[in-house]
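So the chains spell out like this:
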Amino acid sequence: MDEAIALEAAEGLRWCARAEREVRARRVAWLCQLAESYHVSQDDVVEALVDVERRIGGSGTPVVSQFLGLEVGPLMGCSEAAALAALADALDLKYRHPELYAAVLGLEVEAFRALAFARKCRPLAEAAAAEVTRRWLRWQSRYASLAGALELAERIMIEVDAEWAAEQERLARESRGVWL
């Protein structure tokens, strides 16, 4: 193989990987921007369709229009439910894990990895989520797989919020019961 062609191909692949990472990071930022700025004017709808805002992310995230999923779904080529899930994850990342959000925008952490982490931390209180993020950011890069990084997050979540972890364990034990 010609060395110049191989080098060009390797550089092309490196460029593609960075471009994909940047596109995923920008998608998160655009989702947040749309969620923060989208509002239906009450003058434009009949009374039965008056916009109601609701929280789709964890505590500390802004409320959004109930119509947002209907607008974003077609833009992303997915269902309303999938759009709302993507919006909730993006808002969680930006508002509950700002250090991690900055790392995603700086292309230091893959967006899919950060979004999965934010989703996993959704049940935590804001202070606990911030502490878990701080610790996780320090160590997550040592885990090549998403599963390993999320397992690390779970261990940190248990350390940071033992009460929450105990309640989750209690609920899991109860759900394994047999009822007649």
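Preceding this paragraph is the structure being described.
From a predicted model like this one, the values you see are computed outputs, not experimental measurements.

## Section: the state of the cysteines
- Inspection of every chain in the model, using the stated rule, returns zero disulfides.
- Cys78 forms no disulfide, and the closest cysteine sulfur to it belongs to Cys32, at a distance of 15 Å.
- The exposure class assigned to Cys78 is partly exposed, which follows from its relative accessible area of 27%.
- We note that Cys121 lacks a disulfide partner, and the nearest cysteine sulfur, in Cys32, lies 16 Å from it.
- Accessibility expressed as a relative area gives 0% for Cys121, which makes it buried.

## Some words on helix α1 (residues 3-37)
- Taking 1.5 Å as the rise per residue, α1 with 35 residues should run 51 Å; its terminal C-alpha atoms sit 50 Å apart, in good agreement.
- Regarding α1, the residues found buried are Ala25, Val28, Leu31, Cys32 and Ala35.
- Taken together, the buried residues of α1 touch β2 (64-65), α2 (68-76), α3 (80-96), α4 (98-105) and α5 (111-121).

## Brief notes about the packing of aromatic side chains
- Applying the stated criterion to the full structure yields one aromatic pair.
- On the basis of an interplanar angle of 15° and a centroid distance of 4.1 Å, the ring pair of Phe117 and Trp136 is categorised as stacked. One end of the pair, Phe117, is in helix α5; the other, Trp136, is in helix α6 (residues 126-139), with 19 residues separating them in the sequence. For the pair Phe117 and Trp136, a shared accessibility class is recorded, and that class is buried.

## Structural notes on the nonpolar core
- Leu87, Leu93, Phe117, Leu124 and Trp136 are the most contacted members of the largest nonpolar core, which totals 46 residues.
- If you list the elements that add at least two residues to this core, you get α1, α2, α3, α4, α5, α6, α7 (146-160) and α8 (162-175).
- Sort the elements by how many residues they give to this core and α3 lands first, with eight residues.

Rules and cut-offs
Residues numbered from 1 in each chain as written. Predicted model: local features only at pLDDT ≥ 70, side-chain atom pairs only at ≥ 80, totals over all residues. Heavy atoms only, no water. Disulfide = S-S within 2.5 Å. Buried < 20%, exposed > 50% of the residue type's maximum accessible area, 1.4 Å probe, protein only. Helix = DSSP H or I, 4+ residues; strand = E, 2+ residues; numbered from the N terminus. Expected span 1.5 Å × (residues − 1). Contact = heavy atoms within 4.5 Å. Phe/Tyr/Trp six-rings, centres within 6.5 Å; stacked < 30°, edge-to-face > 60°. Core = buried A, V, L, I, M, F, W, Y, C linked by side-chain atoms within 4.5 Å.

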